[in-house]
Amino acid sequence: MGDISIPSILSKILFSPSQPRHPANFQTKLSCLPFDFPLFFLQTIGDFMAETYYIVPHKKHDSLVTQAYLQRGYDAEEARAGTWFCSRAAHYGIRTHNALKAIHLDDVLGSKVGRWVPQAKIKKFPSRFAASEVWNGNYKLGQAVAVDAMETCIKLADKYGTGMVSVDNATHYLWGGGYVMDAALRGYIAYTNCTAAMSEVVPFGGKTATIGTNPHSWGFPTQDAIGFPIVVDWATSTVAMGRVQQFRREGKPLPPGCAVDAEGRETTDPNQAVALLPFGGHKGYGLGLINEIYSAFIGGSLPTLRGRDGGPENEKKGSTFFFQVIHPEAIQGNNFAQGRSQIENIRAVLHNVLGPGNENCLLPGQPEARNGELSKKNGGLLFTRAEIDEFNHIAASVNEPLWNLDEFKSVQI
């Protein structure tokens, strides 16, 4: 399929042979990218220029994150789920939804402000549908709920071919791609959506944020065909708010078409951005609206009240989650062309998609797979200096020793 490495593809997109890798040229090219340029590309482009990353051992990272959760009152099981998820996000290079985002959310929307409930118990309602469960999350830590829900879906899919779990009164589960990727690596097709913790996205044609960033995440077990699972995972805004926070932290401008200021005017200044725009105009708006409709069926309430103070006392302010897992054998036909097996057919289809003229196209999930290989190769989790500084804020807040840059090896990427 040709050279489908990220550096090769982005070089072709962003630079010509006569145009060196200078930040000014990079920003000029970046500003010309289509409005609906896929998020899995955007998550890589912002990091394309060579940068120093510090290699933090898993044990050191996990110890600090676990302590942060425990000191907030979460029990050992919740801390374990939260830490496992944050470590996975960092391993796969998801810099918008790693531990820094997780602890920040708990500070501003979670246990620190009395909205998320450490050690809460999930209530599971009776259902007349054997392959479907409906839960009341009772504002339990989102990662702990999501891990449990996906595991339940897998067990249901093993028995019934498919399994679904809907969760009302939920919090925030961070990176949906992590849950579907884990299921895909175990051999299942998986999907999840959620309503974001706050309404931060302006509907197409509007000026006021009234819907969430509302991600969709699909995972497909394609690793036996191409070496990694296909993971289609995106917020329905042009970028996630976590990306705005990252750019603000690192002093970088936003790409055009991502955000608006307090007056509803488009801005590239992450310090002025107060709301986000949907990717692809009306298309991203429609996809984000799907989550709000799922939520309405599950039991979620008005999106403009989520994560905010005020409003009628009898209105709800939590998010909702939806999970679905399908066993591949449950949808397998018996008429593959040329006698191919299911996995051979998947391989043939993907090779056909990346046929002549498309050899340099990326597949969704490929950036995460590459980042995972980098983490494995370097023997730890990769963080920038700015991120290390933020981890030290967390360490100070829980009376843990600060991280010293001199104790970490570094790598230029």
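Computed from a predicted model, the values in this text were never measured in an experiment.

Provide a residue-level description of the side chain of Thr171, including the pertinent values.
Counting through the fold element by element, Thr171 comes out in the loop between β4 (162-170) and α8 (176-185). Judged by its relative accessible area of 3%, Thr171 falls in the buried class. Within polar-contact distance, the side chain of Thr171 engages the backbone oxygen of Lys140 at 3.1 Å.

Can you lay out the pattern of salt bridges for me, pointing to particular residues and giving the numbers?
Going through the model one piece at a time under the given rule, you end up with 15 salt bridges. Residues Lys112 and Asp107 are paired through a salt bridge, measuring 3.6 Å at the closest nitrogen-oxygen approach. On the accessibility criterion, Lys112 (52% relative accessible area) is exposed. One salt-bridge network, in which partners are shared between bridges, spans Glu51, Arg95, Glu250, Lys252 and Glu387.

Could you give an account of the pairing of strand β6 (residues 216-220), with specific residues and numbers?
In regular strands, side chains alternate between the two faces of the sheet. As defined by bridge partners, strand β5 (residues 189-194) adjoins β6 across four bridges and the pair is classed as antiparallel. Considered in β6, the bridge of Asn193 is made with His216. Looking at chain direction, β6 and strand β7 (residues 230-234) are connected through five bridges and run antiparallel. By the bridge assignment for β7, Gly219 is matched with Val231.

Tell me about the sheet that holds strand β12 (residues 381-383), residues and numbers included.
What the three strands build is an open sheet, ordered β12-β1-β13; its pairing is antiparallel. The open sheet has two free edges, formed respectively by β12 and β13 (409-412), since each of these has just one partner strand. The average undirected angle you get between the axes of adjacent strands in this sheet is 40°. Judged from the four bridges that link them, strand β1 (residues 52-56) and β13 form a sheet pairing that is antiparallel. For Tyr54, the partnering residue across the bridge sits in β13 and is Ser410.

A description of the packing of aromatic side chains should follow, citing residues and the corresponding values.
Each aromatic ring pair is characterised by the separation of its centres together with the angle its planes make. A full pass over the atoms with the stated rule returns 16 aromatic pairs. Look at Phe321 and Phe323: their rings are 6.0 Å apart centre to centre, the planes differ by 85°, and that puts the pair in the edge-to-face class. Residue classification places Phe321 among the buried positions, given a relative accessible area of 1%. Here the aromatic residues Phe85, Tyr92, Tyr173, Trp175, Tyr179, Phe321 and Phe323 are joined through ring pairs into a cluster of three or more.

Before we move on, can you summarise unusual backbone geometry with the specific residues and values?
With a phi angle near 50°, Asn169 is a residue other than glycine that sits in the positive phi range. Along the chain, Asn169 falls in strand β4. A residue is classified by how much of its surface remains accessible, and Asn169, at 13% relative accessible area, is buried.

Give a description of the sheet that holds strand β8 (residues 259-260) that names residues and reports values.
Each strand in a sheet pairs with its neighbour through backbone hydrogen bonds, running either in the same direction (parallel) or in the opposite one (antiparallel). Pairing in this open sheet of three strands is antiparallel, and the strands run β9-β8-β10 from one edge to the other. Two strands in the sheet have a free side with no partner beyond their single neighbour: β9 (266-267) and β10 (275-276). Two elements, β8 and β10, share two bridges in a ladder whose sense is antiparallel. Looking at β10, one finds that Val260 is bridged to Ala275.

Before we move on, can you summarise the nonpolar core with the specific residues and values?
Nonpolar side chains tend to gather and get buried jointly when the protein is soluble and globular. Among the nonpolar cores identified, the biggest contains 61 residues, and Tyr69 and Phe323 are the most heavily contacted of them. Per-element accounting of this core gives the leading share, eight residues, to helix α7 (residues 142-160). Once residues lying within four places of it in the same chain are set aside, the contact partners of Tyr69 are Tyr74, Ala79, Gly82, Thr83, Cys86, Ala102, Ile103, Leu141 and Gln143. Judged by nonpolar contacts, the second largest core, of eleven residues, contains Ile211, Val244, Ala259 and Ala273.

If you had to explain the environment of Leu305 to someone new, which residues and values would you point to?
Along the chain, Leu305 falls in the loop between α11 (282-298) and β11 (319-326). With eleven residues separating them along the chain, Leu305 and Lys316 place their C-alpha atoms 7.7 Å apart. When sequence neighbours within four positions are dropped, the list of residues in contact with Leu305 reads Gly310, Gly311, Pro312, Glu315, Lys316 and Lys317.

Cut-offs used in this document
Residues numbered from 1 in each chain as written. Predicted model: local features only at pLDDT ≥ 70, side-chain atom pairs only at ≥ 80, totals over all residues. Heavy atoms only, no water. Helix = DSSP H or I, 4+ residues; strand = E, 2+ residues; numbered from the N terminus. Buried < 20%, exposed > 50% of the residue type's maximum accessible area, 1.4 Å probe, protein only. Polar contact = N/O pair within 3.5 Å; in protein donor to acceptor, adjacent residues only side chain to side chain. Salt bridge = Lys/Arg side-chain N within 4 Å of Asp/Glu carboxyl O. Pairing = 2+ DSSP bridges. Axes fitted to C-alpha atoms, helices over the stretch in contact; angles between N-to-C directions. Phe/Tyr/Trp six-rings, centres within 6.5 Å; stacked < 30°, edge-to-face > 60°. Core = buried A, V, L, I, M, F, W, Y, C linked by side-chain atoms within 4.5 Å. Contact = heavy atoms within 4.5 Å.

From the geometry alone we can't say anything about function, so treat these as descriptive.
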